[in-house]
Amino acid sequence: MRARVLVADTLDAAGVERLRAEPELEVEVRTGLGREALVEAIPAYDGLVVRSSTQVTAEVLEAGKRLRVVGRAGVGVDNIDVEAATRRGVLVVNAPEGNTLAAAEHTLAMLLAAARWIPQAHASLVRDHQWDRKRFMGVQLQGKVLGVVGLGRIGSEVARRARALGMRVLAYDPFIGPERAGELGVELRELEAIYPEADAFTLHTPLTEQTRHLLGAEAFARMKRGVILVNCARGGLVDEAALLAALESGQVRAAALDVFEEEPPRSSPLLEHPHVVATPHLGASTHEAQLHVALEIAEQVARALKGEPVAHA
Ligand code: NAD
Ligand code: MLT
């Protein structure tokens, strides 16, 4: 009998074709299934492929009696209950490399947009027909200090690009050695030591129990007044209520957010704040990245279902 794979979130067509090219696999694409529909459908499948929309909960994994592998077309596996999967003997694989450059470029775009109020100025001119050259005074990045939290794949690419803009980069990552930092022209510091130094912060860690609300009221209070915050990693890394208070007091000058604690964010006051630049989780949304992650995850899932070795998430 052929192994059945359910693709439950939008995956580039090349990834679906790659899976369908395997004679041992039968592939179905059914996106937008709600929680109940997924729990009802999952018992018929051996493999499941998702991006970030589908929540692969313990309930889904429990219902998936035939399930052998869950593939995440991207980096973060925080929408998958990995512990429950491990308990049930279900392999979780991801595609960690395909969207690195897309996320790094988006981070730089967000930093520049926040430093120069580009979305606000655009809205003022195009929507409100104002020619206002006084309201949108920006800050220069050359010569400023960027604090990078998490110097992994994306953090490293962001650091390289920030260096090319003439920024000094300080990074906090307890799992990275000074040699790697030196190669990137980055100075490693404790997080507390970066707070008073950095003119801008950018986050690039996974969301775990250790990193949830990594930046909260205490952290914002210790930062330089007028700091810019960029978050293109995970919404839960920042205490959103504390960020709002810091924006209101002017302690944080601007926040550029691609990710939110709840996605989509329901009537978040952060989205109403005039110093917030926001995008709807677009960090990985380039044609190139989606093609790469789709092919990467299709390869991993096919290998897992054929009993071949794979790299685990
Ligand atoms: P990565 O695993 O390559 O790097 C993460 C780094 O964080 C590692 O070097 C690790 O040592 C470090 N780290 C772990 N715990 C830490 C802590 N407590 N403090 C400081 N550093 C810590 O991952 P990546 O591919 O660079 O992805 C980074 C983040 O970006 C992830 O959360 C991922 O889900 C997210 N992401 C978002 C988008 C998007 O669309 N916005 C796209 C891709 C990735
Ligand atoms: C990721 O973790 O890879 C990102 O959230 C990108 C995504 O899947 O949209």
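Quick note: structure is the one above.
Now for a quick tour of the structure. Being a predicted model, the structure only gives us computed values, none of them experimental.

Quick look at the site of ligand 1
For step 1, the next point in the chain: Residues in contact with ligand 1 amount to 32 residues; listed here are only the nearest, G76, G150, G152, F175 and G283.
For step 2, the next point in the chain: When residues of the shell around ligand 1 are traced back to their parent elements, those giving at least two are α5 (100–116) and α7 (153–164).
For step 3, the next point in the chain: When residues of the shell around ligand 1 are assigned to their parent elements, the largest contribution, 3 residues, is made by α7.

Side note on the sheet that holds strand β1 (residues 3–7)
For step 1, the next point in the chain: Read from one edge of the open sheet, 5 strands run β2-β1-β3-β4-β5, paired in parallel fashion. Bordering the open sheet on either side are β2 (25–29) and β5 (91–94), each of which pairs with just one other strand. In this sheet, neighbouring strand axes are inclined to one another by 20° on average, regardless of whether the strands run parallel or antiparallel.
For step 2, the next point in the chain: The pairing of strand β4 (residues 69–72) with β5 spans 4 bridges and is parallel. In the strand pairing of β5, V70 is matched with V92.
For step 3, the next point in the chain: Of the strands in this sheet, β1 and β2 are in contact with helix α1 (residues 13–20), which crosses β2 at around 155°.

Observations concerning α7
For step 1, the next point in the chain: For α7, built from 12 residues, the straight-helix expectation of 16 Å at 1.5 Å per residue is met to within 8% by its first-to-last C-alpha distance of 17 Å.
For step 2, the next point in the chain: Along α7, the residues that are buried comprise I154, G155, S156, E157, V158, A159 and A162.
For step 3, the next point in the chain: Its buried side turned inward, α7 meets α5, β6 (145–149), β7 (168–172), α8 (178–184) and β9 (200–203).
For step 4, the next point in the chain: Phi turns positive, to about 85°, at G166, one or two residues after α7.

With respect to the packing of α1 against helix α13 (residues 287–305)
Angle between the axes and distance between the axes are the two parameters that describe a pair of packed helices.
For step 1, the next point in the chain: Relative orientation of the contacting elements α1 and α13 amounts to 20°, with a least axis distance of 7 Å. The angle between α1 and α13 places the two elements in the roughly parallel class. Crossing angle aside, the handedness with which α1 passes α13 is right-handed. Listed contacts from α13 to A14, G15, R18 and L19 of α1 are L291, A294, L295, I297, A298, E299, V301 and A302.

Let's talk about the environment of T211
For step 1, the next point in the chain: Relative to the assigned elements, T211 resides in the loop between β9 and α10 (217–222).
For step 2, the next point in the chain: Owing to 17 C-beta atoms within 10 Å, T211 belongs among the partly exposed residues under this scheme.
For step 3, the next point in the chain: Contacts of T211, omitting those with residues within four sequence positions, involve T205, P206 and L237.

Parameters and conventions
- Here the residue numbers are simple positions, counted from 1 along each chain's written sequence.
- To read the labels, note that chains go from A and ligands from 1, taken in the order they are written.
- Only residues with pLDDT of at least 70 are given local features in this predicted model, and only at 80 or more are side-chain atom pairs given and counted; all residues enter the totals for whole chains, interfaces and linings.
- The rule is simple: place the C-beta atom from the backbone, and if it lies within 6 Å of a molecule or strand, the residue is near it.
- Helix and strand assignments follow DSSP, with helices taken as H or I runs no shorter than four residues and strands as E runs no shorter than two, numbered in order from the N terminus.
- Strands are labelled as partners when DSSP assigns at least two bridges between them.
- Axis lines are fitted through C-alpha atoms, for helices just across the contact stretch, and the angle between N-to-C directions can take any value from 0 to 180 degrees.
- Here the contact rule is simple: place C-beta atoms from the backbone, and any two residues whose C-beta atoms are within 7 Å are in contact.
- The span one expects for a helix is its residue count, reduced by one, times 1.5 Å.
- Burial is judged by counting the other C-beta atoms within 10 Å of a residue's own C-beta: 20 or more makes it buried, 12 or fewer makes it exposed, and any count in between marks it as partly exposed, with every C-beta position built from the backbone.
- Roughly parallel refers to an angle under 35 degrees, roughly antiparallel to one over 145, roughly perpendicular to one between 65 and 115, and oblique to any angle outside these ranges.
- For a crossing to be left-handed, the near helix must be turned anticlockwise from the far one by less than a right angle; the clockwise case is right-handed.

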